[in-house]
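Structural description and commentary
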Amino acid sequence: MPIFAVPLLLAAAAPYPAPSSVRLKADVTAMVGFGTRHTASITTDPKRGIGAARNWAASRFQEIAATCGGCITVDRISRRFTGPRAPTGVVVEDVLGIQKGRDPNRVVIVGAHIDSRVTDVMNVTSDAPGANDNASGVALVLEAARLLSQRQFDATIVYAVFSGEEQGLWGAELLADTAKARGWKVSAMLNNDIVGNTVGQGGVRVADKVRVFSEGIRASEDLVAQQGRRAEGGEDDGPSRALAKAIDGIATGIPGGLDVMIDRRPDRFGRGGDHEPFLKLGYPAVRFSVAAENWDRQHQDLRTEKGVVYGDTIEGMDFPYLAKVTAINVATLSRIASAPAAPEDVSIAGALSRDTTVKWAAVPGAAGYRVRWRRNDAQTWAETRDVAGTSTVLTQLPVDDNFIGVSALSPTGAESLVSFAGRERRPTR
């Protein structure tokens, strides 16, 4: 197949303005001002509780929409959930800002939970400022909307403000189910949770890194599919891991930015987050979180004991750092929303041969494709070839010793996530 070239996306579009640490701080301050944002707190008070906080988030999306001719619409979805942390049930509502792209059904999601809590998860009345957990993530989502609203994209961007995270990831479950019901093709979901501090437990400071958690074996795959992935060696190249690797590469290109640590597990050890309901439905999803957590400032009653300050207050945050995490999100959303969907049905063949044949299904809107490969003992792609068709032959590249993937390219060079190549799936009779 012929080789072709496309211009780099960075040459086709001017960089975005840097996220504003002042704007981020103002939004976190506003959320802290609602006292508590516990999911089961009051919903009718205009100044306190989860209801006031969600109304405020909707108003912020409306303010941003006013600057771009109504390019963002507000959608509020809700459902009643019952569980151990809400035995009598609670209505969980998500506030969405939807920026329609040229393709309304292909979607990129960036989300964060707005609810907060203190030591007792059932305490709905005490002040729970939730500055870092997770007003930081919501402020990031709003700032991303402010910056990205100034351009139009091929994919639709959904800016999501979840409730019910502390009760069981209910708001994320609601949106994941909504995405499936609406027939959205989700190219990526970025969950931002605890993304605004640099001083961790014991005073350790890490200001140059951010963790990105991603699954290896897919939660959505049955045992047969997992065994197939194992046989192909694709444990480190599922869609969510491909997303994490893309984020790492994008962050490298941001001057003065952060080093992305690809954390090769779905979330922190034994813990979870709002990306997980999306993983269960097969959508590529990752979690951003700070490199050094401070557990004295998470899920704590406000108090001081033996000179130790407990509580998730704004004083524990670093807003220039939060701005850098925001910049990585913005650049990632821009690239994926500008690119076509990732290729499907990517296969390789070449047993008992020195050459490898690569095939894939055509992607709507793709101007071409990028074939990537690396030796089996490496974790990052090493070589590339751009092609115009939907197949190519890699000569003198034995299939036994190399991993191969394919991405789709837009006319401006924006690249999709890389789809890992496995064995060709023969149709069943």
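In this report, we go over the structure that sits alongside the text. (Residues numbered from 1 in each chain as written. Predicted model: local features only at pLDDT ≥ 70, side-chain atom pairs only at ≥ 80, totals over all residues. Heavy atoms only, no water.)

1. Quick word on the overall build of the protein chain
- The helix and strand inventory of the protein chain stands at ten helices and 18 strands.
- Computed over the C-alpha atoms, the radius of gyration of the protein chain is 22 Å, within 12% of the 22 Å expected from 2.2 N^0.38 for a compact globule of 429 residues.
- For the protein chain, the spread of C-alpha atoms along the principal axes amounts to about 70 × 45 × 45 Å.
- Per-residue burial for the protein chain yields a buried fraction of 58% across its 429 residues.
- Long-range contacts, defined here as pairs at least 24 residues apart, represent 75% of the contacts in the protein chain between residues at least 6 apart.
- Accessible surface, the protein chain: about 18,100 Å² in total, of which carbon and sulfur atoms supply 53%. (Helix = DSSP H or I, 4+ residues; strand = E, 2+ residues; numbered from the N terminus. Rg over C-alpha atoms; globule rule 2.2 N^0.38 Å. Buried < 20%, exposed > 50% of the residue type's maximum accessible area, 1.4 Å probe, protein only. Contact = heavy atoms within 4.5 Å. Areas by Shrake-Rupley, 256 points an atom, 1.4 Å probe, with all protein chains shown as cover.)

2. Here's the deal with the state of the cysteines
- In the structure shown here, the tally under the stated rule is one disulfide.
- Shown here is the disulfide that connects cysteine 68 with cysteine 71, its sulfur atoms set 2.0 Å apart. Looking along the S-S bond of the cysteine 68-cysteine 71 disulfide, the torsion reads about -85°, which is the left-handed sense.
- Here cysteine 68 falls in the buried class, since its relative accessible area comes to 19%.
- The exposure class assigned to cysteine 71 is partly exposed, which follows from its relative accessible area of 23%. (Disulfide = S-S within 2.5 Å.)

3. Concerning the packing of aromatic side chains
- This structure, assessed with the given rule, holds seven aromatic pairs.
- Among the aromatic side chains, those forming a connected cluster through ring pairs are Phe162, Phe278 and Tyr283.
- Above the face of the tyrosine 16 ring, arginine 151 is positioned so that its terminal group lies 4.0 Å from the ring centre.
- In this arrangement the basic side chain of arginine 303 is found over the ring face of tyrosine 310, its NZ or CZ atom lying 4.1 Å from the centre. (Phe/Tyr/Trp six-rings, centres within 6.5 Å; stacked < 30°, edge-to-face > 60°. Lys NZ or Arg CZ within 6 Å of the ring centre and 35° of its normal.)

4. With respect to the environment of alanine 292
- By the element assignment, alanine 292 lies in the loop between β8 (285-290) and β9 (303-305).
- When the C-alpha positions of alanine 292 and valine 206 are compared, they lie 6.1 Å apart, and in sequence the two are 86 residues distant.

5. Let's talk about the side chain of serine 410
- Residue placement: serine 410 occurs in the loop between β16 (402-409) and β17 (419-420).
- Classification of serine 410 by relative accessible area gives buried; the value is 3%.
- Polar contacts involving the side chain of serine 410 include one to the side chain of threonine 412, which spans 3.0 Å. (Polar contact = N/O pair within 3.5 Å; in protein donor to acceptor, adjacent residues only side chain to side chain.)

6. Quick word on the sheet that holds strand β4 (residues 155-162)
- Here we have eight strands laid out as an open sheet, ordered β1-β2-β4-β3-β5-β8-β6-β7, and mixed in their pairing. Each edge of the open sheet carries a strand with a single partner, namely β1 (72-83) and β7 (259-263). Sheet twist, expressed as the average angle between the axes of neighbouring strands with direction ignored, equals 25°.
- For strand β2 (residues 86-99) and β4, the ladder comprises five bridges, and the chain directions are antiparallel. For glycine 97, the partnering residue across the bridge sits in β4 and is tyrosine 159.
- Relative to the sheet, helix α4 (residues 131-148) contacts β1, β2, β3 (103-113), β4 and β5 (185-192), its axis offset from that of β3 by approximately 145°. (Pairing = 2+ DSSP bridges. Axes fitted to C-alpha atoms, helices over the stretch in contact; angles between N-to-C directions.)

7. Some details on the sheet that holds β16
- Pairing is antiparallel across the open sheet formed by four strands, whose spatial order is β14-β13-β16-β17. Single-partner strands in this sheet number two, and they are β14 (383-387) and β17.
- Bridge analysis of strand β13 (residues 368-375) against β14 gives five bridges, and the strand direction is antiparallel. Each bridged residue has a counterpart across the sheet, and for arginine 372 the counterpart in β14 is threonine 384.

8. Observations regarding the packing of helix α3 (residues 50-66) against α4
- Where α3 meets α4, the axes come as close as 9 Å, and the angle between the chain directions of the two elements is 15°. The orientation of α3 with respect to α4, classified from their angle, is roughly parallel. The interaxial crossing formed by α3 with α4 has right-handed handedness. Residues Trp56, Ala57, Arg60, Phe61 and Ile64 of α3 pack against Val141, Leu142, Ala145 and Arg146 of α4.
- Here the contact of α3 with α4 is built from residues that sort into seven nonpolar, no polar and two charged. (Parallel < 35°, antiparallel > 145°, perpendicular 65-115°, else oblique. Left-handed = near helix turned anticlockwise from the far one by under 90°. Nonpolar A, V, L, I, M, F, W, Y, C, P; charged D, E, K, R; others polar.)

9. Points about unusual backbone geometry
- With an omega of 10°, the peptide bond running from aspartate 133 to asparagine 134 counts as cis.
- Here asparagine 134 shows up in helix α4.
- Look at lysine 306: it is not a glycine, yet its phi comes out positive at around 50°.
- With respect to the helices, strands and loops of the structure, lysine 306 is situated in the loop between β9 and β10 (308-310).
- At glutamine 396, a position not held by glycine, the phi torsion is positive, near 55°.
- Topologically, glutamine 396 is positioned in the loop between β15 (391-394) and β16.

Function-wise, these values are silent; they only describe arrangement.
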